[in-house]
Amino acid sequence: MGPILRIEKLEKSFGGVTAVDGIDFEVNPHQIKALIGPNGAGKTTIFNLISGIYPITSGTIRFKGQKINGLKSYVIAEKGVSRTFQNVQLFENMTVLENVMVGRHCRTRSGLFAAILNSKKTRAEEKRIREYSLEMLSFVGLEAKRDEVASSLVFQQQKLLEFARALATEPELILLDEPVAGLSVPETDEMVQLIYRIREIGITILLVEHDMGMVMEVSEEVVVLNSGQVIAEGTPRQVQNNEAVITAYLGKRETENASYTKS
Amino acid sequence: MAMPLGLGNSYYLNVLVFVGIHSLITIGLSLLMGYAGQISLGQAAFFGLGAYTSGILSTKFGVSPWLALLAAIFVTGGIAFLIGAPALKLKGHYLAMATLAFGYIVYIIFNQASSFTGGPSGFGQIPRFRLGSFVFKTDVHYYYLVWILVIIALLISLNITHSRVGRALRSIHAGELTANTMGVNTAKYKIQIFVLSAVYASVAGSLYAHFITFLNPSPFGFHFSIVLVTMVVVGGVASVWGAMIGAALLTVLPEYLRAFQDYDILIYGSILLLIMVFLPKGLFVGIFDLVKKRKNR
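Residues numbered from 1 in each chain as written. Chains lettered and ligands numbered in written order. Predicted model: local features only at pLDDT ≥ 70, side-chain atom pairs only at ≥ 80, totals over all residues.

Novice: Help me understand the overall build of chain B in this model?
Specialist: Along its length, chain B carries 13 helices and 2 strands. In terms of overall dimensions, chain B is globule-like: its C-alpha atoms have a radius of gyration of 19 Å, near the 19 Å expected for 297 residues. Overall size of chain B, expressed as C-alpha extent along the three principal axes, is 55 × 45 × 40 Å. (Helix = DSSP H or I, 4+ residues; strand = E, 2+ residues; numbered from the N terminus. Rg over C-alpha atoms; globule rule 2.2 N^0.38 Å.)

Novice: For this particular structure, what's the right way to read the packing of helix α11 (residues 240-257) of chain B against helix α13 (residues 283-296) of chain B?
Specialist: Residue and element names in this part refer to chain B. Running from N to C, α11 and α13 point in directions that differ by 105°, and their axes come no closer than 8 Å. With respect to their mutual orientation, α11 and α13 come out roughly perpendicular. On α13, the residues touching Trp 241, Gly 242, Ile 245, Gly 246 and Leu 249 of α11 are Leu 283, Phe 284 and Val 285. (Axes fitted to C-alpha atoms, helices over the stretch in contact; angles between N-to-C directions. Parallel < 35°, antiparallel > 145°, perpendicular 65-115°, else oblique. Contact = placed C-beta atoms within 7 Å.)

Novice: Would you mind going over unusual backbone geometry with me for this structure?
Specialist: Phi is mostly negative for residues that are not glycine, and the peptide bonds are mostly trans. All names here are of chain A. Residues other than glycine seldom take positive phi values, yet Lys 64 does so here, at roughly 50°. Overall, Lys 64 belongs to the partly exposed group, with 17 C-beta atoms counted inside 10 Å. Unusually for a residue other than glycine, Ser 227 sits at a positive phi of about 45°. On the secondary structure map, Ser 227 appears in the loop between β9 (221-226) and β10 (229-234). (Buried ≥ 20, exposed ≤ 12 C-beta atoms within 10 Å, placed from the backbone.)

Novice: What's the story with the pairing of strand β3 (residues 32-36) of chain A in this structure? I'm lost.
Specialist: Within a regular beta strand, the side chains point alternately toward one face of the sheet and then the other, so they alternate between its two faces. Residues and elements named next belong to chain A. In terms of burial, β3 is largely enclosed, as 5 of its 5 residues are buried. Of the two faces of β3, the one holding Ile 32, Ala 34 and Ile 36 and the one holding Lys 33 and Leu 35 are both buried throughout. Of the pairings in the sheet, the one linking β3 to strand β8 (residues 204-208) comprises 4 bridges and is parallel in character. In the sheet register, Lys 33 faces β8, and the bridge partner there is Leu 206. Here β3 runs beside β9; their pairing, made up of 4 bridges, is parallel. Counterpart to Ala 34 in the pairing with β9 is Val 222. (Pairing = 2+ DSSP bridges.)

Novice: What am I meant to see in the confidence of the model for chain A here?
Specialist: Should pLDDT be low for a region, the predicted coordinates there are not to be read in detail. The share of residues in chain A with pLDDT of 70 or more is 96%, and the mean pLDDT across the chain is 93. Low pLDDT, under 50, characterises residues 258-263 of chain A; the predicted model gives this stretch 0 contacts beyond four residues in sequence or across chains. (pLDDT = per-residue confidence, 0-100.)

Novice: Which parts of the structure should I look at to understand the domain arrangement of chain A?
Specialist: Interface size, as often reported, equals the accessible area lost upon joining of the parts. Residues and elements named next belong to chain A. Each domain of chain A was delimited in the assignment, giving domain 1 (1-80 + 171-263) and domain 2 (91-168). Computed over C-alpha atoms only, the centres of domain 1 and domain 2 are separated by 28 Å. Each partner contributes residues to the interface: domain 1 has 10 residues there, and domain 2 has 7 residues. Secondary-structure elements contributing two or more residues to the side of domain 1 that touches domain 2 are α2 (73-79) and α7 (185-200). (Domains from an automatic or database assignment.)

Novice: Mind showing me how you'd approach the interface of chain B and chain A here?
Specialist: On the chain A side, the residues contacting the 23 residues of chain B number 29 residues. At the level of secondary structure, the elements contributing two or more residues to the side of chain B that touches chain A comprise α6 (139-161), α7 (164-174) and α8 (176-181) of chain B. The element that contributes the greatest number of residues to the side of chain B that touches chain A is α7 of chain B, accounting for 8 residues. Of the residues assigned to the side of chain B that touches chain A, the class counts are 9 nonpolar, 11 polar and 3 charged. (Nonpolar A, V, L, I, M, F, W, Y, C, P; charged D, E, K, R; others polar.)

Novice: Mind showing me how you'd approach the pairing of β8 of chain A here?
Specialist: All names here are of chain A. Where burial is concerned, most of β8 is hidden: 5 out of the 5 residues are buried. Across the two faces of β8 the burial is the same, with Thr 204, Leu 206 and Val 208 and Ile 205 and Leu 207 all buried. Of the strand pairs in this sheet, strand β7 (residues 173-177) and β8 are connected by 5 bridges, and their pairing is parallel. Across the sheet, residue Leu 173 finds its bridge partner in β8, namely Thr 204. Between the parallel pair β7 and β8, the chain is carried across by α7, and the sense of this crossover is right-handed. (Right-handed = clockwise from strand over helix to strand, strands pointing away.)

Novice: Looking at this structure, I do not really get the nonpolar core. What am I missing?
Specialist: Soluble, globular proteins show a tendency: their nonpolar side chains are buried together. Counting 164 residues, the largest nonpolar core has Ala 164 of chain A together with Leu 24, Tyr 200 and Ala 204 of chain B as the members making the most contacts within it. Broken down by element, this core gets its largest block of residues, 15 residues, from helix α9 (residues 186-212) of chain B. A domain-level breakdown of this core finds at least three residues from each of domain 1 (1-80 + 171-263) and domain 2 (91-168) of chain A. (Core = buried A, V, L, I, M, F, W, Y, C linked by C-beta atoms within 7 Å.)

Novice: Quick question: what am I supposed to make of the packing of helix α2 (residues 43-60) of chain B against helix α3 (residues 65-87) of chain B here?
Specialist: Geometrically, a packed helix pair is captured by the angle between its two axes and the distance between the axes. Residues and elements named next belong to chain B. Relative to each other, α2 and α3 sit at 140°, their axes nearing to 8 Å. By the criterion of interaxial angle, the relationship of α2 to α3 is oblique. Crossing of α2 against α3: the hand is right-handed. Listed contacts from α3 to Phe 46, Leu 49, Gly 50, Thr 53, Ser 54, Leu 57 and Ser 58 of α2 are Pro 65, Ala 68, Leu 69, Ala 71, Ala 72, Val 75, Thr 76, Ile 79 and Ala 80. Its residues assigned to classes, the contact of α2 with α3 comprises 11 nonpolar, 5 polar and no charged. (Left-handed = near helix turned anticlockwise from the far one by under 90°.)

Structure follows, in C-alpha cells:
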C-alpha cells in the first residue's frame, strides 16, 4: 500500500509572494506526522491547499493515489480528508450536537424534497445521523454538553467539539492545525491521548504544531518547513540534530554571538 | 384565522387575504435570510413574475388559472435559478446590490413590455380560480384558498428547517467556508433555497393576480421588496413563525394607522424603530423572552 497523501512540487503564490515553494512529502497510512517550522513557513497554507480552500499554483496533491487538487472542499471531505482549524471555527449559534451532525452531512443523502416530504426513510436517516454524532461526542467526552450552544463552551471543549465534528465525516486522513495551542499542560496531555485514540481507530494524522515538546512526543515523522520549502524530514530525533533546522529556528551561531556583543 | 365569519366585515377579510399572500412570500424569504443567511432585495420581482405569468397566460392565452399558477412556478423558479447561480457567489452587500438590480430590471420590463403587460396602466379581467362549476369570487373563498396554501407552505418550511438540509443551511449562515470544508455543498443549498423562496413568492403572485383580477407594475417595485425584508426582520429573522407575524403586523398596521391621517407614516416608522430597539430578535422571539422574564420574576 502506497502513501495515503503524496504532495509533489506543490507551489502557491499570493500575488507576488510565494508562500509554498515547491514542496514534496508523503504521509503513510496510520502514521502521525507533523509539519513544523517558524511562523510564516507555509504550514497552514499547505493545510488550506490540501482541503481545497485555496486553489494551488502548481504541483499535485494525491490522496490514496488520486489527484485531489482542483476539487471543491466538500468533495475532498467526501473523499475522506477532514480537518480542524487553527482558530476554532464552530457553527457558533448551533448546539454542540448539531455541530457534529453537520459533519455527518457528507455521509448521508436526504435532499430538499426528502426533507419536505419527511418520509419514514428520511426520519430514519435523521435518527442515524443523531446516533452517530452522539457516538462521536462521547468519543471526545462531550456528550453531557450536547444541547448547549457551541459558543458557550470553554476553549478546550470547543477544540474537542471540532475533533468530534471532523470525526463525524468518517475521515481516513485528518489534518490538525495546532491542536494544543492555547491549552494548559494537563489539557495538552488529554489532547495527546485523544490523538493516539484517533490513530487507533485507523485514521492517519497530519498535524501542525508549535509546541515542540508535544510534537516530538506524538509524531513518528516530522517535516520541517522554512520560507515555503522543506529543509529537513525525518524522525523527531533526526530533525532535532539537523543543522539547517537549528539555524532556521535559532539563527546562525556567529550572528547570535554578534548580536550579544552588540547589546 | 379559523373563523373569518365572526369578522363579518368584508374589509377585514380582504386584509386577511393580503396577510396570507404576504405571509407566503415572507415564509420563503425567512428560509433564505434567517436560515441560509442570504439576502434578497428583489423578492417583489418574483412576486410580480408569478402574478404576470399567471395573469398573462390565463387572460391572453386562455390557460386555466390553476395551470397558469403551475406554469408561473416553473417560469419564476427557472429565472431564480438563472439569476441565483451567478448572484449567490456574491456575499453580503454585493448580493443585496445584485438582487436589487434584478428587481429593478424586472420592474422596467413590466412597464415596457406593454404588448404583454399593458405597460404602466396594466391590464384587467384576469379570470378567477374555479373548481368544476364553483368559482372563487368572494373574499371568503379567497380567504380559505390563500390560508390553506399558507399552511402548506408553513408545513413544508418547518419540515425543511428540522432536516439535514435545514441544518446545512444554518451551517452556511454560521460559516460558509467551514461548512464547505466539513462536506456541505454550500453552493447547491444556497441556490435551492433561493429558488424555493422565489417559488413561494410566485404562488403568492398568482393568488394576487386571480384575486384582484387586475395587474399593473406598481405593487412589484423596489419599495415592496424592502417592505418584505422589513416584515421578516420585524417578525424575527430566524423563524418562519416570525415571518408570518411580521407579515401580519406590517399589513394590518398601515390600515389601522389611516385614522391618524398625515401622521400615519411617522407613527408607523416609530413603531418599527421601537420594535428593533427593544426586541432586536424580532417580535416572535422577543415576546417569548419577555414572558419568560416575567415568569422568572
